[in-house]
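Structure assessment
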Amino acid sequence: GLTTSLASAATTITDKHLSCDPSGTLPCPPLSTAPIVDFTPERSVKRVRQPVHRLSKSYQEKYKLAVSRMKALPASHPLSFTAQAAIHQAYCDGHYQYDATKLQDGDGAAQPFDVHASWIFAPWHRMYIYFYERALAELVGDETFALPYWGWDAPEGMVIPPLFRDASANNSLYNPHRNQANLDKLVDLDYLSNRRPAPVNFDGPKDEKYMEAVNSNLCTVYDQQIRSGKGALNFLGGLPDTNRSASSGTLESMAHITMHVWTGKAPNSTEDKSTCALGRDGNYSCMNDMGFLGSAGRDPLFYSHHANVDRLWHIWSTTLRGGNGFNDTAWRHTSFVFFDGVRNPRRVRIKFRDVLDTRKLGYTYADVSEKIPLPWLKCNL
Ligand code: C2O
């Protein structure tokens, strides 16, 4: 089965290994016969990722311009926004089957393949948004352009950023398929628990109730990063398992999933089906784009959300001294192939060991390099 293969062999997944699900609601990612080249580390750190809530007006405009240019590429282009969303869908929710006959110990049966719910999660998503970021930079002709992150772990970022909510026609970051009830609320990073506090408005009075909700968010991040996130297995997850949630680390299973559902779950099921996603069981589930992994990549907010997830991994490895992941050779040598470059798309094979140090990917995070204190270190559980 898949589990053993991933554990025992360096695994390369290329588009040849994936068969497209014709019932999928998105087109298949473009296939290509271009030769595959190995990733070469970037020579310098050129891109500094900043929180969306601290972006200058001109940076905001540049971000919108980059995404609108990406949206204007034809769907057949591998770096088009449509293709990017399709790539995420390809790797989750069973939309694609892994052809087990191509696996070394394959049993001949097609297996659903998923980059979620295991130790594949953090490095795969780092790779995915890295190539997305490079494409945006190329589209605005600025090699220093870095993907802004949705800083929901700081009080100023605890709301769906206004930049993404502005519904004017030229805002490429806007998406109507979000949970309208949560748009201007202070986020609840523990939304999936059963003890939901009464929602408070982000711009409302900063009263006791508000401060309590902020503090509870900070404590959720503290818990994910420090208290429950001790060691690579707890934080990054374990081997892929058929039991989908058994192997997720806290980086994936806590604030990350919660913010998907916070942004994407419809408040009730009486909604128009056009805002709901088609599940692999053939039924519509009444979630908006972010609430369903198969459609999450259609929301431009997804990429800024994942930049923050990536940052929290970076902080865990560096500031919090969590280390470089697993020593396991299978994990370090697991590789994926991504398209790189808008003008001249190439296929690049990149391994997990290539992405453990963000400097080799040419980016860093503003608050880390400026040594801005992490607000959630102050949580007292
Ligand atoms: Cu591939 Cu946040 O999910």
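Residues numbered from 1 in each chain as written. Predicted model: local features only at pLDDT ≥ 70, side-chain atom pairs only at ≥ 80, totals over all residues.

The condition that has to hold: UniProt positions are given in the numbering used here, feature names are shortened, and annotations may be inferred rather than shown by experiment.
In the nomenclature of an unreviewed UniProt entry, the protein corresponds to Tyrosinase copper-binding domain-containing protein from the organism Paspalum notatum var. saurae. The record held by UniProt for the protein lists under Sequence similarities (unreviewed entry) the comment "Belongs to the tyrosinase family." The Cofactor (unreviewed entry) field of the UniProt record for the protein holds the comment "Cu(2+)".

Comments concerning the overall build of the protein
Our working definition: Numbering of helices and strands starts at the N terminus; helices are DSSP runs of H or I of at least 4 residues and strands are runs of E of at least 2. Whether a residue is buried, exposed or partly exposed is read from the other C-beta atoms within 10 Å of its own C-beta, which are placed from the backbone; 20 or more gives buried, 12 or fewer gives exposed, and intermediate counts give partly exposed. Each residue is represented by a C-beta atom placed from its backbone, and any two residues with such atoms within 7 Å are regarded as in contact.
The helix and strand tally for the protein stands at 13 helices and 11 strands. Evaluated residue by residue, the protein yields a buried proportion of 46% over its 381 residues. When contacts within the protein are restricted to residue pairs at least 6 apart in sequence, long-range pairs at least 24 apart make up 70% of them.

Observations regarding unusual backbone geometry
Unusually for a residue other than glycine, Arg321 sits at a positive phi of about 55°. Mapped onto the elements, Arg321 comes out in the loop between α11 (301-317) and α12 (329-333).

Re the pairing of strand β10 (residues 346-351)
Under the convention used in this document: At least two bridges found by DSSP between two strands are what make those strands a pair.
Two strands pair when backbone bridges link them, and strand β3 (residues 36-38) and β10 are joined in this way by three bridges, in the parallel orientation. Bridged to Val37 within β10 is Val348. Summarising the sheet, strand β9 (residues 335-340) and β10 pair through six bridges and their orientation is antiparallel. Bridge pairing in β10 places Ser335 opposite Lys351.

Brief notes about the UniProt feature "domain: Tyrosinase copper-binding" (unreviewed entry) in the protein
The feature "domain: Tyrosinase copper-binding" (unreviewed entry), as given by UniProt, occupies residues 299-310 in the numbering adopted here. Taken end to end, residues 299-310 is 83% helix and 0% strand, and its first and last C-alpha atoms sit 18 Å apart.

Considering the nonpolar core
The criterion, for reference: Residues of type Ala, Val, Leu, Ile, Met, Phe, Trp, Tyr and Cys that are buried and joined through C-beta atoms within 7 Å form what is called a nonpolar core.
Grouped together as the largest cluster of nonpolar side chains are 84 residues, with contacts concentrated most on Met127 and Leu136. Examining the composition of this core, we find that 13 residues originate from one element, helix α4 (residues 121-139), more than from any other.

Looking at the packing of α4 against α11
Convention followed: Helix axes are fitted to C-alpha atoms over the stretch in contact, other axes to C-alpha atoms as well, and angles between N-to-C directions run from 0 to 180 degrees. Each angle is binned into one of four classes, with values under 35 degrees roughly parallel, values over 145 roughly antiparallel, values of 65 to 115 roughly perpendicular, and all other values oblique. The crossing is said to be left-handed when, going from far helix to near helix, the turn is anticlockwise and less than a right angle, and right-handed when the turn is clockwise.
Viewed as axis vectors pointing N to C, α4 and α11 meet at an angle of 130°, and their least axial separation amounts to 10 Å. With respect to their mutual orientation, α4 and α11 come out oblique. α4 and α11 meet at a crossing whose hand is left-handed. Along its contact with α4, which presents Ala122, His125, Arg126, Ile129 and Tyr132, the element α11 presents Tyr303, His306, Ala307, Val309, Asp310 and Trp313.

As for the packing of helix α2 (residues 57-72) against α4
Counted only if it meets this: For this classification, the nonpolar set comprises Ala, Val, Leu, Ile, Met, Phe, Trp, Tyr, Cys and Pro, the charged set comprises Asp, Glu, Lys and Arg, and every other residue, Gly included, is treated as polar.
Two elements in contact, α2 and α4, have axes whose closest approach is 9 Å; the angle formed by their N-to-C orientations is 100°. Between α2 and α4, the interaxial angle falls into the category roughly perpendicular. Facing α2, whose interface residues are Ala66, Val67, Arg69 and Met70, α4 presents Ala135, Leu136 and Leu139. Looking at the contact of α2 with α4, its residues break down into six nonpolar, no polar and one charged.

Re the pairing of β9
Counting buried positions over the six residues of β9 gives six, a clear majority of the element. By the alternation rule, side chains of β9 split into Ser335, Val337 and Phe339 and Phe336, Phe338 and Asp340, which are all buried. Counting the residues that bridge the hairpin from β9 to β10 gives five residues, and of these Gly341 lies at a positive phi of roughly 100°.

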